[in-house]
Every structure is written in C-alpha cells, then in structure tokens.
Amino acid sequence: MEVKTLGVEAYLGKSHILKGLNIHVNKKEFVGIIGPNGSGKSTLLKCIYRILKPSVGTILLDDKDIKSFSMKQSAQKMAVVSQHNNHNFDFTVSDMVLMGRSPHKRFIEKDNANDYKIMKDSLEKVGMIDYIKRNFSSLSGGEKQRIILARALAQKTECLILDEPTNHLDIKYQLQLMDTVKEMGVTVISAIHDLNIAALYCDKIYAIKSGEIFSYGTPKEVLTKELIKSLYEVDVKVIEDEETGILNIIYKQRCSSDGISTPSEG
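Reference entry: report on the structure contained in this document.

Analysis parameters
Residues numbered from 1 in each chain as written. Predicted model: local features only at pLDDT ≥ 70, side-chain atom pairs only at ≥ 80, totals over all residues. Heavy atoms only, no water. Pairing = 2+ DSSP bridges. Helix = DSSP H or I, 4+ residues; strand = E, 2+ residues; numbered from the N terminus. Axes fitted to C-alpha atoms, helices over the stretch in contact; angles between N-to-C directions. Contact = heavy atoms within 4.5 Å. Core = buried A, V, L, I, M, F, W, Y, C linked by side-chain atoms within 4.5 Å. Buried < 20%, exposed > 50% of the residue type's maximum accessible area, 1.4 Å probe, protein only. 1 Å grid on protein atoms, 1.4 Å probe; cavity = no way out; pocket = protein on both sides within 12 Å on 5 of 7 lines; lining within 4 Å. Points joined across faces, edges and corners; volume = space filled by probe spheres on them. Nonpolar A, V, L, I, M, F, W, Y, C, P; charged D, E, K, R; others polar. Expected span 1.5 Å × (residues − 1). Arc of directions from axis to C-beta. Polar contact = N/O pair within 3.5 Å; in protein donor to acceptor, adjacent residues only side chain to side chain.

## Let's talk about the sheet that holds strand 7 (residues 159-163)
Link 1 in the chain: If you trace the six strands from one edge of the open sheet to the other, you get 6-7-8-3-9-10, paired in mixed fashion. Either end of the sheet is taken by a strand with one partner, and the two such strands are strand 6 (78-81) and strand 10 (212-217). Here the strands of the sheet are splayed against their neighbours by 15° on average, with no regard to which way each runs.
Link 2 in the chain: Relative to strand 7, strand 6 is paired through four bridges, and the arrangement is parallel. By the bridge assignment for strand 7, Ala79 is matched with Leu160.
Link 3 in the chain: Sheet contacts for helix 6 (residues 171-183): strand 3 (30-34), strand 7 and strand 8 (187-191); angle to strand 3, the most-contacted strand, approximately 135°.
Link 4 in the chain: Relative to the sheet, helix 9 (residues 225-232) contacts strand 3, strand 9 (204-209) and strand 10, its axis offset from that of strand 9 by approximately 35°.

## Some points on the nonpolar core
Link 1 in the chain: In terms of nonpolar packing, the biggest core is built from 48 residues, with Ile34, Leu123, Ile147, Leu160, Val181 and Leu223 touching the most fellow members.
Link 2 in the chain: A total of seven residues in this core trace back to one element, the largest contributor, which is helix 5 (residues 141-154).
Link 3 in the chain: When residues no more than four places from it in sequence are discounted, the contact partners of Ile34 are Lys41, Ile192, Leu195, Ala198, Ile205, Tyr206, Ala207, Ile208, Val222, Leu223, Leu231 and Tyr232.
Link 4 in the chain: Counting residues in hydrophobic clusters, the runner-up holds 27 residues, among them Ile33, Leu45, Cys159 and Ile189.

## Things to note about the layout of surface pockets
Link 1 in the chain: In this model, the largest pocket occupies a volume close to 580 Å³.
Link 2 in the chain: Lining the largest pocket are 20 residues, and of these Tyr49, Ile51, Val80, Arg151 and Gln155 lie nearest its centre.
Link 3 in the chain: For the lining of the largest pocket, the element with the highest residue contribution is strand 6, accounting for four residues.
Link 4 in the chain: Of the residues belonging to the lining of the largest pocket, the class tally is 12 nonpolar, six polar and two charged.
Link 5 in the chain: Estimates place the volume of the second largest pocket at around 180 Å³.
Link 6 in the chain: Taken together, Cys47, Arg50, Leu52, Lys53, Pro54, Gly57, Thr58, Ile59, Asp65, Ile66 and Lys67 form the lining of the second largest pocket.
Link 7 in the chain: If one sorts the elements of the lining of the second largest pocket by residue count, strand 4 (residues 56-61) sits on top with three residues.
Link 8 in the chain: Its residues placed into classes, the lining of the second largest pocket shows five nonpolar, two polar and four charged.

## Considerations on helix 4 (residues 113-125)
Link 1 in the chain: Here helix 4 spans 19 Å end to end across 13 residues, near enough to the 18 Å set by a 1.5 Å rise per residue.
Link 2 in the chain: Taken together, the buried positions of helix 4 are Asp115, Ile118, Met119, Ser122 and Leu123. One face of helix 4 carries all of its buried residues, which in axial projection span an arc of 135°.
Link 3 in the chain: Close packing links the buried residues of helix 4 with helix 3 (93-98) and helix 5.
Link 4 in the chain: The N-cap of helix 4, judged by a side-chain oxygen 3.0 Å from the amide nitrogen of Asn114 a few residues on, is Asn112.

This is the structure:
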C-alpha cells in the first residue's frame, strides 16, 4: 500500500505540532521517522492511523483520501504497534491477539478455526506461543510489546505503523521484532528512537525537527555526523561496514574522565 501526507498540520491545544508535512511512502517500503523528543513523530503517525485528525492537509492511502474509508476499512489496511499498551481489562494473550481479527468480521461474529490458526501463527512468529493462556496484564513491558506485534500480524494488513516499537525490548527482541516486520514484505512506517536500528532496517528515512521535515533520503544520505549534530545536538562518528554497507553510529562521550562535562569533539 502507498501512503502520502499532503500539507498535514496539527495543533495540540495552542501548540503547532506539525507544520505542513509532505511524506510519500511507496508500496512495501520500510520508512523510518526520526527526530528528537517533541519533534512530532508520534503526532504524525497518529494522524495517519486516525487517532488524531489533522487540522489542515490530506492523507492518502493508494491515492484515496483516508476520510473516504470507514474506521473498519482503515483497520483492514493498517495495523498499529504503539509504545503504550496499558489495558484496564484482564484479557488473555490469545484474546489480545484475536482482537486483530475484528476488522475482518461482522458485528458479534464469533472467531472461527481460521482466526485461531492465524492467532497461533502470529504468536509463533514473535516467539510467544508458550504465553497463549497467560493474562496480558501479568506480562513484562517487553512481552506485552511482542503480543501487540502479534495482534498487528493477525490483522493481516498491507501496512504496519510502528511508534517506537523497540522501546521496551532488550537487544535480542529488538532485532527479532524488526526482522519479523521486515520479512513481512508490507509497507512500514516507523518512528524510531535508535539510529542504529534505523540504519539497519530502513529503506528511506524522514528526519523531523520542530514539526517540519529536516531531511529525507536513504540512511546513508540522512545519517551523517553533520545532520545528527544539527538534529540532536550530539557528536557522533559514523562508520560504514565494508562488507554490508550498513552504517554504525558511535556516540562521542561528553564528559572527561573526572566527570566534568567537556565539549565533544567536532
């Protein structure tokens, strides 16, 4: 699925969060959204998956205005893995994943054998099949995140929206989650905190600062030491692996050995 935003602006209260963003994500492209806290990454994604309504602008799915789709139709096209997964009801893991089948069912239609197969396959993909009978509320933050990914996989959509999906995961499961998503071969739009994760998995990257697009391109075009310095106000060293061509961002220490803050090297 192709996703475009045309001149999208968003206000939260009196704050002008998004200031006319134009993004274009091609079919089956893995696009990362990076930027400092408060830059508008999550707000942009919420506008795309319809938790927020843009104040100005248009969002297109396969060149059709998103407002022409019902919420159920949108959920058949896009699945979401967000960074906040607190629920007041004590669902089992299987119930949580089966919720991903809801957009494909009629009102009060019961789950069938195919739904249960998809649920179990989704749990297998995220390494959580042994947790199928556990209560979701009893899981750790990282385990919950993997269940939410399984729910998104069960939704069987053409597009995945990920809002900093690896925040609660250790390194092994960060890579497992991103590998799983990459292997799906669908359109992915992901806000990413870790620049090395962005370099490893993204086809293209949008860098956002203060609600505006600061840079756009391939990881090699965007993740330069100059741009990272301008975007995050930190000094880094960027190394390209000779065999794979993948970038590795190394952050420079800002304190001397005696603990006194010193300017970073340029």
